[in-house]
Amino acid sequence: MLGAFKVFSVRREMLRSPRTNLPHPFYVLDCPDWVNMVALTDRNEVVLVRQFRAGTRSVTLEIPGGGVEAHDGSALVAARRELREETGHVARSWRRLGVVQPNPAIQPNRCTTYLARGCRPVGDLIPDAGEDLAVELVPLARIPDLIRRGRITHSLVIAAFHFLSLAR
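Residues numbered from 1 in each chain as written. Predicted model: local features only at pLDDT ≥ 70, side-chain atom pairs only at ≥ 80, totals over all residues. Heavy atoms only, no water.

**Focus on the pattern of salt bridges**
Side chains bearing opposite charge may pair, as long as their charged atoms lie close to each other. Applied cut-off: In the sections that follow, a salt bridge refers to a side-chain nitrogen of Lys or Arg positioned within 4 Å of a carboxyl oxygen of Asp or Glu. Type-normalised accessible area, obtained with a 1.4 Å probe on protein chains alone, sets the label of each residue: buried when under 20%, exposed when over 50%, and partly exposed for intermediate values. Helix and strand labels come from DSSP, where a helix needs a run of H or I of at least four residues and a strand needs a run of E of at least two; each type is numbered from the N terminus.
Taken as a whole, this structure holds 10 salt bridges when the rule is applied. With a shortest N-O distance of 1.8 Å, Glu 13 and Arg 11 are connected by a salt bridge. When its relative accessible area of 27% is taken as the criterion, Glu 13 is described as partly exposed. When the shortest N-O distance is used, the salt bridge between Asp 42 and Arg 92 registers 2.8 Å. Residue Asp 42 is found in the loop between β4 (34–41) and β5 (45–53), and its partner Arg 92 is found in the loop between β8 (89–90) and β9 (93–100); the two are separated by 50 residues along the sequence. The two residues Asp 42 and Arg 92 agree in class, both being exposed.

**Observations regarding the environment of Gly 3**
Positionally, Gly 3 belongs in strand β1 (residues 3–4). A relative accessible area of 13% places Gly 3 in the buried class. As for Gly 3 and Gly 73, which are separated by 70 residues in sequence, their C-alpha atoms are 26 Å apart.

**Considering the packing of aromatic side chains**
Which entries qualify depends on this criterion: Two aromatic rings, drawn from Phe, Tyr or Trp (for Trp, its six-membered ring), form a pair once their centres lie within 6.5 Å of each other, and the interplanar angle then sorts them: stacked below 30 degrees, edge-to-face above 60, tilted otherwise.
All chains considered together, the criterion is met by two aromatic pairs. Here the aromatic rings of Phe 5 and Phe 8 are separated by 5.3 Å at their centres, their planes lie at 45°, and the arrangement is tilted. For Phe 8, a relative accessible area of 28% translates into the label partly exposed. Here the aromatic rings of Trp 94 and Tyr 114 are separated by 6.2 Å at their centres, their planes lie at 80°, and the arrangement is edge-to-face. With Trp 94 in strand β9 and Tyr 114 in strand β10 (residues 111–121), this residue pair connects regions lying 20 residues apart in the sequence.

**Examining the state of the cysteines**
Put simply, the test is: In what follows, a disulfide is any cysteine sulfur pair within 2.5 Å.
Tallied over the full model, the rule gives zero disulfides. The thiol of Cys 111 is not disulfide-bonded; the next cysteine sulfur, from Cys 31, is found 11 Å away. Using a relative accessible area of 2% as the deciding quantity, one classes Cys 111 as buried. Free of any disulfide, Cys 119 has its nearest neighbouring cysteine sulfur in Cys 111, separated by 17 Å.

**Here's the deal with the nonpolar core**
Short version of the rule: Each nonpolar core is a collection of buried residues, namely Ala, Val, Leu, Ile, Met, Phe, Trp, Tyr and Cys, held together in the definition by side-chain atoms within 4.5 Å. The contact criterion used throughout is that any non-hydrogen atoms of two residues lie within 4.5 Å.
Formed by 18 residues in total, the largest nonpolar core has its most connected members in Val 38, Val 46, Ile 63, Ile 143 and Phe 161. Elements that contribute at least two residues to this core include exactly β4, β5, α2 (143–148) and α3 (155–167). If you tally residues by element for this core, the top one is α3, at five residues. The contact partners of Ile 143, leaving out residues within four places of it in the chain, are Val 46, Leu 48, Val 138, Ile 152 and Phe 161. One finds Val 35, Met 37, Ala 39 and Tyr 114 within the second-largest nonpolar core, a separate group that totals 13 residues.

And the structure:
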């Protein structure tokens, strides 16, 4: 292991090319699995979060999500926890929409997307120490335009809305 940090660790591996059978060094970012959710209210509004992202040094508009922690036991439990922590909402029903590999070139983890229906606020947000979150309700019909206009740019969020479009 080359380094261990709060959200990932880095390791170097020698792997053989399937084409040449020659060994090559690869660097892998080990991350926990992730979850995200398209959270809908009974009025068909999407529960979104605005949050600061250090990688782009900008505030982004995203769906709620986060890492699956060891104590969660499952991706669904993590999704329920993340929805409550990041938005103060709970959902009446849950459905798995799909799974993606965020970056298979360097990461072995997966991101599971859920549809959370019947969302309603039940309390204050419970952000992690470094999170700066604001909840925003947006009609589902506006989402394609927000993506088209570059207001929603996070690739995992766009993949989640694609999964939603396939489920209808």
